[in-house]
Amino acid sequence: MLLFTPGPTPVPQNVRNAMSAETMHHRTPEFEAIFEKTRKHLFNLFKTDEVVMIASSGTGAMEAAVINLCKNTLLSVNSGKFGERFGKIAIAHGLNNEEIKNEWNTPVSVEAIVKAVKANADIDAIAVQISESAGGLRHPVEEIAKAVKAINPKIMIIADGITAVGVESIDVTNIDCLIAGSQKALMLPPGLAILGLSNAAIETIGSGIGYYLNLASEIKKQRQNTTAYTAATTLTIGLLEVLESIEADGGIEKLYTDTATRANAVSSALKAIGLHIYPSTPASSMSTVDDENAAEIRNLLKTDFEVNVAGGQDHLKGKIFRINQMGLISNYEMAWVVNAVELCLAKLGRRTYDGTANKIFNEITFGMGK
Ligand SMILES: *Cc1c(COP(=O)(O)O)cnc(C)c1O
């Protein structure tokens, strides 16, 4: 079975092998050396002033960011489940939450953010997904961050990059906190989250807030290549292997180019067989199709063609399917997935099978078009 859900993503064999070594004690020079190397790679990936790893799923990092960087009112962008979560976190901690809500295929506009910030001087942090995984949408985060900093540079910009870090190049010039999670683009099992922080964020954090998610405690320790509490040793070893694999495969820029090409080849192939891409601004992390037969296609993909893709949640349940584009993905696997989708449409009697999806995918991927 091919796992093509936009999280969790498949863990490469060499990474699984690296994580099969005996459990290492976290307070040892051996582990500190691994931690130091991993940190170096992370600085290269995040391009932020500081990076911090915490043992939690991605949501733990979202919560850490909100409580450490927002003291009054959070402006949250809700174009899907994950954006909605930022608001819920703020409310759970007694912070004010102002929300800009859109349909899950619609990105927030820079104008709407600027208007909200100008209207409410209590807003001291903004939380937004770079790639909102609920509908596979790309928000204009860099433009938002730039516009907000021009109004008030003290407002903290929290960017959830859980399905963006490792997928595409992100301009962090005006971003204060960039979040990643292990089980999406980083091709690891769940349980590790990473925050990239700006110097302005570190200043705002001060002595930190909370206990386990107090970022000041972690920054202090991680600068010494250790962690405040027991490190997720096995996942850190896996992360180092992933980051070294990306280097060995030609580096992070090549991965970004490959991912963009693949996402384009897949969406072009799907459109060529009459399917519709759901978001108005698709992210490169996944290809999302809205279709009246979405549930049937997803079922057939699994039962007849050994491909596991994700569906939709809440009001999009049974209405969309989402195909992962994150990580080191083989072209031959991706070619099979688009071909399998075309076979599903033939089985449903919607079109005669003629290999169009595969043709378009291969033409774009291998530059055979013209
Ligand atoms: C998966 C995901 C999360 C939540 O991460 P968990 O690891 O499930 O806690 C947050 N934001 C985005 C954009 C995601 O895709």
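What counts as what
Residues numbered from 1 in each chain as written. Predicted model: local features only at pLDDT ≥ 70, side-chain atom pairs only at ≥ 80, totals over all residues. Heavy atoms only, no water. Axes fitted to C-alpha atoms, helices over the stretch in contact; angles between N-to-C directions. Helix = DSSP H or I, 4+ residues; strand = E, 2+ residues; numbered from the N terminus. Parallel < 35°, antiparallel > 145°, perpendicular 65-115°, else oblique. Left-handed = near helix turned anticlockwise from the far one by under 90°. Contact = heavy atoms within 4.5 Å. Nonpolar A, V, L, I, M, F, W, Y, C, P; charged D, E, K, R; others polar. Buried < 20%, exposed > 50% of the residue type's maximum accessible area, 1.4 Å probe, protein only. Pairing = 2+ DSSP bridges. Phe/Tyr/Trp six-rings, centres within 6.5 Å; stacked < 30°, edge-to-face > 60°. Expected span 1.5 Å × (residues − 1). Near = heavy atom within 4 Å. Polar contact = N/O pair within 3.5 Å; in protein donor to acceptor, adjacent residues only side chain to side chain. Areas by Shrake-Rupley, 256 points an atom, 1.4 Å probe, with all protein chains shown as cover. Salt bridge = Lys/Arg side-chain N within 4 Å of Asp/Glu carboxyl O.

S.K.: How would you summarise the packing of helix α3 (residues 58–69) against helix α4 (residues 81–92) if you had to cite specific residues and measurements?
M.R.: One way to put it is that α3 packs onto α4 with a least axis distance of 10 Å and a crossing angle of 50 degrees. One element, α3, and the other, α4, form an angle in the oblique class. Note that α3 runs across α4; the crossing there is right-handed. Here T59, M62, E63 and V66 of α3 come into contact with α4, specifically with F82, R85, F86, I89 and A90. Here the contact of α3 with α4 is built from residues that sort into six nonpolar, one polar and two charged.

S.K.: Could you give me a rundown of the pairing of strand β5 (residues 123–129), with the residues and numbers involved?
M.R.: Counted residue by residue, β5 has seven buried out of seven residues, so it is predominantly covered. Direction of pairing for strand β3 (residues 73–78) relative to β5: parallel, over a ladder of four bridges. The residue bridging L74 from the neighbouring strand is A125, located in β5. Sheet analysis places β5 next to strand β8 (residues 156–160), joined by five bridges and oriented parallel. Bridging across to β8, V128 finds its partner in A159.

S.K.: With reference to specific residues and values, describe the sheet that holds strand β14 (residues 320–324).
M.R.: As summarised here, the arrangement of the three strands in space is β11-β12-β14, forming an open sheet in which the pairing is antiparallel. Each of the sheet's edge strands pairs with one partner strand only, and the pair in question is β11 (276–277) and β14. The sheet contacts of helix α10 (residues 252–272) involve β11, β12 (286–290) and β14, and relative to β12 the element is tilted by about 20 degrees.

S.K.: Residue-level account of the packing of aromatic side chains, with values.
M.R.: The tally for this structure, following the rule as stated, stands at four aromatic pairs. With a centroid separation of 5.7 Å and 35 degrees between ring planes, the pair formed by Y211 and Y229 is classed as tilted. Within this pair, whereas Y211 is found in the loop between α7 (199–205) and α8 (215–222), its partner Y229 is found in the loop between α8 and α9 (233–248), the two being separated by 18 residues in sequence. For Y211, a relative accessible area of 65% gives the class exposed. On the basis of an interplanar angle of 65 degrees and a centroid distance of 6.3 Å, the ring pair of F305 and W336 is categorised as edge-to-face. A residue pair is termed long-range when its members are at least 10 positions apart, and F305 in helix α11 (residues 294–305) and W336 in helix α12 (residues 331–347) qualify at 31 residues. Taken together, the aromatic side chains of Y211, Y212 and Y229 make up a single cluster linked through ring pairs.

S.K.: So what about α9? Which residues, and what values?
M.R.: Taking 1.5 Å of rise per residue, the 16 residues of α9 would be expected to cover 22 Å, and the 23 Å separating its terminal C-alpha atoms lies within 8% of that figure. Among all positions in α9, only T233, L235, T236, I237, G238, L239, L240, V242, L243, S245 and I246 are buried. Just past α9, the residue G250 takes up positive phi, approximately 120 degrees.

S.K.: So what about the site of the ligand? Which residues, and what values?
M.R.: Around the ligand there are 14 residues in total, and S57, T59, S133, D160 and K184 lie nearest to it. Separating an oxygen atom of the ligand from a side-chain N or O atom of S57 is a distance of 2.5 Å. Here an oxygen atom of the ligand and a side-chain polar atom of T59 are 2.5 Å apart. Protein burial of the ligand: of its 380 Å² of free accessible surface, 90% is covered by the chains. Elements with a minimum of two residues in the shell around the ligand: α3 and α4. Top element by residues in the shell around the ligand is α3. It accounts for three residues.

S.K.: Hey, could you go over the pattern of salt bridges for me, with residue numbers and the actual values?
M.R.: Taken as a whole and judged by the stated rule, the model has 15 salt bridges. Linking E50 and R223 is a salt bridge whose minimum nitrogen-to-oxygen distance equals 2.7 Å. Pair noted here: E50 is in strand β2 (residues 50–54) and R223 is in the loop between α8 and α9, with a separation of 173 residues, a long-range link. A salt bridge links R351 to E342; its shortest N-O distance comes to 2.9 Å. Classification of E342 by relative accessible area gives buried; the value is 0%.

S.K.: If you had to explain α10 to someone new, which residues and values would you point to?
M.R.: A rise of 1.5 Å per residue sets the reference length of α10, with its 21 residues, at 30 Å; its end C-alpha atoms lie 30 Å apart and thus fit the reference within 8%. When α10 is considered as a whole, its buried residues turn out to be I252, L255, Y256, T259, R262, A263, A265, V266, S267, A269 and L270. G274 sits one or two residues past α10 and shows a positive phi near 90 degrees.

S.K.: Before we move on, can you summarise the sheet that holds strand β10 (residues 193–197) with the specific residues and values?
M.R.: Ordered by their spatial adjacency, seven strands build an open sheet running β2-β10-β9-β8-β5-β3-β4, and the pairing between neighbours is mixed. Where the open sheet ends on each side, the last strands, each with one partner, are β2 and β4 (96–101). On average, adjacent strands in this sheet sit at an angle of 20 degrees to one another, irrespective of strand direction. By the bridge criterion, three bridges tie β8 to strand β9 (residues 177–181) in an arrangement that is parallel. Bridging across to β9, I158 finds its partner in C177. Here helix α2 (residues 29–46) sits on the sheet in contact with β2, β9 and β10, set at roughly 120 degrees to β2.

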